[in-house]
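# Structure at a glance
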Amino acid sequence: MTTPTYDVVAVGNAIVDVLSHADDAFITEQGMAKGSMQLMFSPEDADALYGKMGPGIEASGGSAANTVAGIAALGGKCGFIGQVANDQLGDVFAHDIRAMGVTFGTAPRDGEPTTARCLIFVTPDGQRTMNTFLGASQFLPESALDRALIADAAILYLEGYLWDPEEPRQAMRAAIEVARKAGRKVAFTLSDVFCISRHGGDFRKLMADGLIDIMFANEAEILALMGVEDFDAAVAEAAREVPMLVVTRSENGAIAVSGGKTVAVPAAPVERVVDTTGAGDLFAAGFLSGQANGKSVEQSLKLGALCAAEIISHVGARPQVDLKALAAKMD
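This text gives an overview of the structure that appears in the document. (Residues numbered from 1 in each chain as written. Predicted model: local features only at pLDDT ≥ 70, side-chain atom pairs only at ≥ 80, totals over all residues. Heavy atoms only, no water.)

### Remarks on the overall build of the chain
Secondary structure summary: the chain contains twelve helices and 14 strands in total. In terms of overall dimensions, the chain is globule-like: its C-alpha atoms have a radius of gyration of 18 Å, near the 20 Å expected for 331 residues. Expressed as lengths along the three principal axes of its C-alpha atoms, the size of the chain is roughly 50 × 40 × 40 Å. Put simply, 74% of the contacts in the chain that link residues at least 6 apart link residues at least 24 apart. Here the chain has roughly 13700 Å² of accessible surface; of this, 50% comes from carbon and sulfur atoms. Averaging the coordinates of the 26 positive side-chain charges in the chain and doing the same for the 42 negative ones gives two points 7 Å apart. (Helix = DSSP H or I, 4+ residues; strand = E, 2+ residues; numbered from the N terminus. Rg over C-alpha atoms; globule rule 2.2 N^0.38 Å. Contact = heavy atoms within 4.5 Å. Areas by Shrake-Rupley, 256 points an atom, 1.4 Å probe, with all protein chains shown as cover. Lys, Arg positive; Asp, Glu negative; His and termini not counted. Charge placed at Lys NZ, Arg CZ, Asp CG, Glu CD.)

Structure (C-alpha cells):
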C-alpha cells in the first residue's frame, strides 16, 4: 500500500449557505423544527422563503465541504468531490473551497437545477435551523468521482445528507469500494435524524458489513440510529459495529469508543455561542486531522472540540481565525 498524498478526501453536497438572524416566533410561524434541517423540493419554495429572510450573509457551505475546509485550515491536504451547476453560485462555491487550499475538480453541470443553497435561520440562543434546496448537488454521478484522488487519501469522508438522492448514493457506494480496495479508511457522518429516519437501515448495514471505520454522530442521531432511548445502550450497541465511534454531546463534550475503550473530553470553552452552524462539521475536521496525523484519540477529540468552539463563536460554518495557530497552542 502506497503512502497517501492527501489526509482526507470528502464526497458531499456542494452548497452555498445564506445565514440570517430570526426569532423563535418566526421559526414557529414558518412551521420549522428549531435546530433541525428540512429539505425544500422546488426552487420556488426556496425563493419564497428567501424572500422572507432578513439581511443575510452568503458563504459556501455543505457539511463535508466545511469539514475539509477546516482540515485544510489546520494545515492538512484535502480534496472534495461534489456537484455544482454552471451558474454564479457554482462559481462562488468552487472559488471558496479552492481558496481554502482544497483540491476541487468536479465539472459543473449545465442546465437546471441551480447550485444547491441552504437558508439558515440563527436564533438568539445560537441555534441554527436549516432549509436546504439540494439543486444540482443531488445529481452527482458515479462518473464524476476522481478515483485516483480517493485512492490517494488516508481517509474518505462521506456525509449522510448526500445519501438521500439515488444518484449520489450510488456514487458514494462506489467511492467506498475505491477506498477499501486502496486500503484506506472510510469515515461517515450520520448528519441528521432526518437522514436516519429515511436511511437508517442502509447506515446500519454499512456498519454491519464492515465498510465504515469511523462513524460520527450526535446524541440524538445515535439514539435514532440504534432505535433505543438510553444513550449508553445506544453507544454500546453501535460501538460493536464500527472500529471507531465518535459521538458529540454539545456542551457536555464528546466521546470516542474504540476497541472496547471509551475516551471522553469536555467541550472547549467559548465566551458566547453565536451560531451552531457547522459545529459538528468542524469537530469532525479536528478529529480527522488528528487521526490522519497520528495523534491519539484523546488528542483528536480535543482538537475537534477546539475547532467546534471556534466555529460556534461567530456566524458561519467556515473558520475565521488561524486554526493551525490555535491548534499549536493545544500541543
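After that view, the rundown keeps rolling.
### Comments concerning the sheet that holds strand β7 (residues 116-122)
Spatially, the five strands line up as an open sheet ordered β3-β8-β7-β2-β4, and their pairing is mixed. If you trace the sheet from one side to the other, it starts and ends with β3 (37-40) and β4 (57-61), each paired once. Strand-to-strand twist of the sheet, defined as the mean angle between neighbouring strand axes without regard to direction, takes the value 25°. In this sheet, β7 lies alongside strand β2 (residues 15-21) in parallel orientation, the contact comprising seven bridges. Within β7, the residue paired with isoleucine 15 across the bridge is alanine 116. Across the face of the sheet, helix α4 (residues 88-99) comes into contact with β2 and β4 while running at roughly 65° to β4. (Pairing = 2+ DSSP bridges. Axes fitted to C-alpha atoms, helices over the stretch in contact; angles between N-to-C directions.)

### What to know about unusual backbone geometry
The omega torsion across glutamate 112 and proline 113 is 0°, close enough to zero to call that bond cis. Structurally, proline 113 can be placed in the loop between β6 (103-104) and β7. Backbone geometry places serine 191, a non-glycine residue, at a positive phi of 75°. Along the chain, the position of serine 191 falls in the loop between β10 (185-189) and α7 (193-208). One non-glycine residue, serine 250, adopts positive backbone phi at about 55°.

### What about the side chain of threonine 115?
Within the secondary structure, threonine 115 is located in the loop between β6 and β7. At 2.7 Å, the side chain of threonine 115 and the side chain of aspartate 87 are in polar contact. At a separation of 3.2 Å, a polar atom in the side chain of threonine 115 contacts the main-chain amide nitrogen of glycine 90. When residues no more than four places from it in sequence are discounted, the contact partners of threonine 115 are Ala14, Val84, Ala85, Asp87, Leu89, Gly90 and Ala136. (Polar contact = N/O pair within 3.5 Å; in protein donor to acceptor, adjacent residues only side chain to side chain.)

### Some points on the packing of aromatic side chains
Think of a pair of aromatic rings as described by two things: how far the centres are apart, and how the planes are tilted against each other in angle. Tallying each qualifying case throughout the model produces nine aromatic pairs. Here the aromatic rings of phenylalanine 80 and phenylalanine 93 are separated by 5.7 Å at their centres, their planes lie at 50°, and the arrangement is tilted. Taken together, the positions of phenylalanine 80 in strand β5 (residues 78-81) and phenylalanine 93 in helix α4 put the pair 13 residues apart, joining distant regions of the chain. For the pair phenylalanine 80 and phenylalanine 93, a shared accessibility class is recorded, and that class is buried. (Phe/Tyr/Trp six-rings, centres within 6.5 Å; stacked < 30°, edge-to-face > 60°. Buried < 20%, exposed > 50% of the residue type's maximum accessible area, 1.4 Å probe, protein only.)

### Re helix α10 (residues 279-292)
Between its terminal C-alpha atoms α10 stretches 20 Å, which fits the 20 Å expected from 14 residues at 1.5 Å a residue. Most of α10 is tucked away: eleven of the 14 residues are buried. Within the span of α10, buried status applies to Ala279, Asp281, Leu282, Phe283, Ala284, Ala285, Gly286, Phe287, Leu288, Ser289 and Gly290. (Expected span 1.5 Å × (residues − 1).)

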